[in-house]
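Here is how the chains run, residue by residue.
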Amino acid sequence: MSDCGCPTTADPELNKKLLKVFLEDDDVYSGEPLSNLPNFTVFRESHMKEAYDKANELSGLGVSEMIDVLSDLKNRHPSSTYGDYLSRIALFQHPETNNMTLPPPHQTIPRAFFSKDQLLTGPGENIPPDPQKTLVGRAVTLDPEHKLNWWREDLGLSEHHAHWHLYYAWYKPLKIERQGELFAYMHEQMLARYDFQRLGVGLPPVLPYGPGIHWDDPIPEGFNPKLEGFSFRASYMSIPASVTLGSQQILASVMETHKERISKAITINYFEDSNGNKVPMTMTKLGCTVESDAGSANKKLYGNLHNFGHVVIALINDPDERYGIKFGAMMEQITAARDPVFFRWHKFVDSIFEEYRESDHILPHTIHDLKMEGIEVDTVSTQCEPDKELDSKDLVDRLYTKMIEKKITVYVDKKEKNPLKSMLQYYPFNYHFTVRNKREEKASLVFRVFLAPIRYAEDLDARRRDFVEMDRFVADIDGGSEQTITRSSEDSSVTLPPTVTVQDIQDGKCGDSPYSPCGCGWPRNLLVPRGTSQGMWADLYVLVTDWKKDAANEDTYLSASVVFCGKRKSEYPDKKPMGFPFDRKFSKSKFPDLEKMVKDVPNSATKQIKIIFLENSD
Ligand SMILES: [Cu+2]
């Protein structure tokens with residue numbers, strides 16, 4: 001059973017009732033109404049306090065009463081992101097609703113995903129052409145970043161990012177011990193995937209932007225989110241020296257000091273806590289400190305770097321809010337990743353993690369770290385499932401993608417609307433791994449599957465950050481046997497299971513889900529990078545290691561969305577560093593390139609595959 005998606009043990013009736021919280025209706029509420037919080041932002045501490053205080057109160061009420069109060073808030077402020085955030089955290093906290101399947105935000109607050117024009121789809125209204133298709137010529141010439149609008153504005157991408165931060169909220173006590181490491185890894189993988197797509201459209205890897213790296217320079221990437229409630233940023237604007245958020249003043253120069261202190265802590269391998277004691281450096285401590293969550297070593301000394309980066313960029317148009325200009329998209333986790341600057345900022349954040357990954361305090365991987373005696377992986381390959389659109393095409397070691405125009409169902413003003421959306425889709429395929437177990441006893445193995453673009457002759461360390469994780473799963477192999485393990489791309493533990501829609505819930509298909517931090521997980525349609533129409537070569541790589549040794553709890557399985565989102569109410573299930581074996585430098589003399597590494601580590605294999613974008617498939 002999957003960790004997310006439509007659960008099997010259900011109270012579909014209660015789940016249906018919960019929809020009232022997310023969809024407007026005509027019901028009249030007679031109780032004390034909740035106040036709305038306009039301009040809500042998750043980066044403002046007082047706003048988070050307000051939201052969580054309210055959620056605590058609401059989760060102490062009976063279910064029906066909580067639903068009524070939240071439903072009333074929705075009716076009075078239908079497009080409030082505060083209302084949506086509060087509802088999700090309150091329902092998540094309430095003992096009777098914390099396992100319920102909630103509808104995806106793109107259906108319930110479409111204004112955070114679609115422009116006004118895109119939502120004009122009713123009878124008598126024109127269906128506007130998809131902006132992706134109209135953005136040709138001038139706009140793309142002036143700003144080539146437009147080429148990836150379809151990717152940054154993917155519905156599932158925004159939802160994945162927002163859900164991750166909602167579940168692992170910086171404001172709340174840590175959910176898991178390795179939260180800081182997961183913060184670093186989840187974002188690092190977003191960047192690796194982004195750079196993969198950039199290469200596909202002829203753009204260079206994204207450049208870092210942050211304190212100490214172009215911080216005082218104008219930002220060439222402008223952005224017009226075209227979303228109600230958010231302002232645009234013209235290109236070549238510079239961040240203000242100081243911004244005011246509520247009662248808090250944030251100085252760009254102070255952020256620089258915080259960054260320098262963190263870099264120094266990496267060099268000396270420890271942080272200093274508020275009593276002057278040494279706190280040993282670890283990836284998770286570093287992640288927590290950079291995000292300034294509950295696990296930060298010392299918020300006073302090291303600041304609130306990640307969150308404030310979002311804030312100063314989002315307030316670029318109106319640093320002290322004197323003109324009442326709306327925030328930029330960077331101010332909300334649900335919209336931030338639509339903006340090209342999000343990736344520049346996060347590349348900067350990741351460069352801090354890189355300082356640590358590359359430091360002398362982290363010993364490079366050796367053959368011993370990767371090897372599993374008695375296990376050999378002979379081959380790895382892929383095969384697409386038969387599909388009439390792929391009829392005459394080579395299905396082995398070729399992956400295919402296409403863009404589709406999908407009709408999305410959303411709810412606005414008590415009406416159903418069906419905007420069109422250009423989305424990437426890949427053709428499902430199977431991996432085949434030929435594995436030999438030379439041991440006598442049965443082996444429980446964890447397959448770590450990655451994909452990296454082949455740029456040009458580069459050593460393994462230079463390519464380390466290019467590897468995107470495609471899947472991680474466990475399979476058993478009998479002693480003394482050779483087997484071919486077949487794994488469907490659709491079962492990937494990186495991706496979210498199929499989205500549960502409002503319609504599914506109305507049809508009684510969903511109810512209580514016993515495990516999941518639902519909603520978090522890489523979007524299924526973006527599992528395979530788009531590639532190019534001529535075909536883009538990539539290295540498929542698998543490393544098989546001993547699940548008996550790597551598992552936090554051997555009985556856990558690695559199910560949907562677990563790689564980036566973990567498992568609810570338990571520790572991260574895999575004890576290996578996240579991203580292993582690409583989580584640190586390789587010993588140069590031992591592993592100059594991928595080929596050599598695979599040769600020396602028999603429990604691994606690689607294959608060059610081609611990703612082909614079927615450009616005119618519709
Ligand atoms: Cu961020």
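In every chain, residue numbers begin from 1 and rise along the written sequence. Restriction of local features to residues with pLDDT of at least 70 applies here, the model being predicted, together with a cutoff of 80 or more for giving and counting side-chain atom pairs; totals for whole chains, interfaces and linings are based on all residues. The basis for the side-chain values is all heavy atoms of the structure; hydrogens and waters are excluded.

**As for the sheet that holds strand S10 (residues 429-437)**
Now for step 1: A sheet is described by the order of its strands in space; here three strands give the open sequence S5-S10-S13, paired in antiparallel fashion. The open sheet terminates on both sides in strands that have one partner only, identified here as strand S5 (375-384) and strand S13 (481-488). Geometrically, the sheet is characterised by an average inter-axis angle of 15° between neighbouring strands, direction not taken into account. Pairing between strands is defined by DSSP: at least two bridges between the two strands are required. A run of H or I in DSSP becomes a helix once it reaches four residues, and a run of E becomes a strand once it reaches two; helices and strands are each numbered from the N terminus. For every element, the axis is a line fit to its C-alpha atoms; helices are fit only across the contacting stretch, and the angle between N-to-C directions ranges from 0 to 180 degrees.

**Things to note about the sheet that holds strand S15 (residues 604-613)**
Strands in a sheet are paired, the pairing made by backbone hydrogen bonds, and the direction either parallel or antiparallel.
Now for step 1: With mixed pairing, the six strands of this open sheet are ordered in space as S9-S6-S15-S14-S11-S12. The strands lining the two open edges of the sheet, one partner per strand, are strand S9 (420-426) and strand S12 (468-477). Sheet twist, expressed as the mean angle between neighbouring strand axes with direction ignored, is 25°.
Now for step 2: Bridge count between strand S6 (residues 398-407) and S15: four bridges; the pairing is parallel. The partner of Tyr400 across the bridge, within S15, is Ile612.

**Looking at the side chain of Lys417**
Now for step 1: Structurally, Lys417 is set in strand S8 (residues 415-417).
Now for step 2: Three exposure classes are used, based on accessible area relative to the maximum for each residue type with a 1.4 Å probe and protein chains only: buried under 20%, partly exposed in between, and exposed over 50%. You can call Lys417 buried: its relative accessible area is 10%.
Now for step 3: Here a polar contact means two N or O atoms within 3.5 Å. Within protein one must be a hydrogen donor candidate and the other an acceptor candidate, and residues neighboring in sequence count only if both atoms are side-chain atoms. Among the polar contacts listed, one links the side chain of Lys417 to the backbone oxygen of Leu119, at a separation of 3.5 Å.

**Here we look at the coordination of the copper ion**
Now for step 1: Only nitrogen, oxygen and sulfur atoms qualify as donors, and only when within 2.8 Å of the metal (3.2 Å in the case of Na, K and Ca); with water excluded, sites may look incomplete. The coordination sphere of the copper ion, as far as protein atoms go, consists of His306 (NE2), His310 (NE2) and His346 (NE2), spread over 1.8 to 2.0 Å.
Now for step 2: Binding-site remark: the copper ion is held by donors from one chain whose sequence spacing is H-x3-H-x35-H. Linking His306 in helix H14 (residues 305-314) with His346 in helix H15 (residues 340-357), this pair joins segments that are 40 residues apart in sequence. The pair His306 / His346 is uniform in exposure class, with both members buried.

**Section: the packing of helix H1 (residues 12-22) against helix H4 (residues 81-93)**
Now for step 1: At their nearest, the axes of H1 and H4 sit 10 Å apart, and the two run at 150° to each other. Accordingly, the angle class assigned to the pair H1 and H4 is roughly antiparallel. When H1 is examined against H4, the residues Leu18, Val21 and Phe22 are found in contact with a partner set consisting of Asp84, Ser87, Arg88 and Leu91.
Now for step 2: Polar here means any residue other than Ala, Val, Leu, Ile, Met, Phe, Trp, Tyr, Cys and Pro, which are nonpolar, and Asp, Glu, Lys and Arg, which are charged; Gly is therefore polar. Within the contact of H1 with H4, the residues separate by chemical class into four nonpolar, one polar and two charged. When an angle is under 35 degrees it counts as roughly parallel; over 145 it counts as roughly antiparallel; between 65 and 115 it counts as roughly perpendicular; any other value is oblique. Two residues form a contact once any of their heavy atoms are found within 4.5 Å.

**Section: unusual backbone geometry**
Now for step 1: The omega torsion of the bond from Phe580 to Pro581 falls at 5°, within 30 degrees of zero and hence cis.
Now for step 2: With respect to the helices and strands, the residue Pro581 is situated in the loop between helix H20 (562-565) and helix H21 (594-600).
Now for step 3: Unlike most non-glycine residues, His214 shows phi in positive territory, near 60°.
Now for step 4: Relative to the elements of secondary structure, His214 occurs in the loop between helix H10 (179-200) and strand S1 (242-245).

**A word on the pairing of S10**
Now for step 1: Buried residues dominate S10, accounting for seven of its nine residues.
Now for step 2: As judged from the nine bridges shared by S5 and S10, these two strands associate in the antiparallel manner. Looking at the pairing, Val377 lines up with Val435 of S10.
Now for step 3: Across eight bridges, S10 lies against S13 in antiparallel orientation. Within S13, the residue paired with Asn437 across the bridge is Ser481.

**Topic: the domain arrangement of the chain**
Now for step 1: Residue ranges labeled as domains rest on an automatic or database domain assignment. Splitting the chain by domain gives domain 1 (12-109), domain 2 (131-160 + 169-357) and domain 3 (367-401 + 429-492 + 527-613).
Now for step 2: Inter-centroid distance (C-alpha atoms) of domain 2 to domain 3 is 30 Å.
Now for step 3: Here the quantity called buried area is the accessible surface, traced with a 1.4 Å probe, that two parts lose on coming together, added over both. Summing both partners gives a buried area of about 2500 Å² for domain 2 against domain 3, and 57% of it is carried by carbon and sulfur.
Now for step 4: When the buried area of domain 2 at its contact with domain 3 is split by residue, Tyr185, Arg193 and Phe196 rank highest and sum to 29% of it.
Now for step 5: In what follows, salt bridge is the name for a side-chain nitrogen of Lys or Arg lying within 4 Å of a carboxyl oxygen of Asp or Glu. Residue Glu354 pairs with Arg465 through a salt bridge whose shortest N-O separation is 3.7 Å.
Now for step 6: Taken together, the connections running from domain 2 to domain 3 amount to twelve residue pairs in polar contact (both at pLDDT 80 or more).
Now for step 7: Going through the elements one at a time, H10 and H15 are the ones with two or more residues in the side of domain 2 that touches domain 3.
Now for step 8: Among the elements that line the side of domain 2 that touches domain 3, the one with the most residues is H10, at 13 residues.
Now for step 9: Broken down by class, the residue content of the side of domain 2 that touches domain 3 amounts to ten nonpolar, five polar and ten charged.

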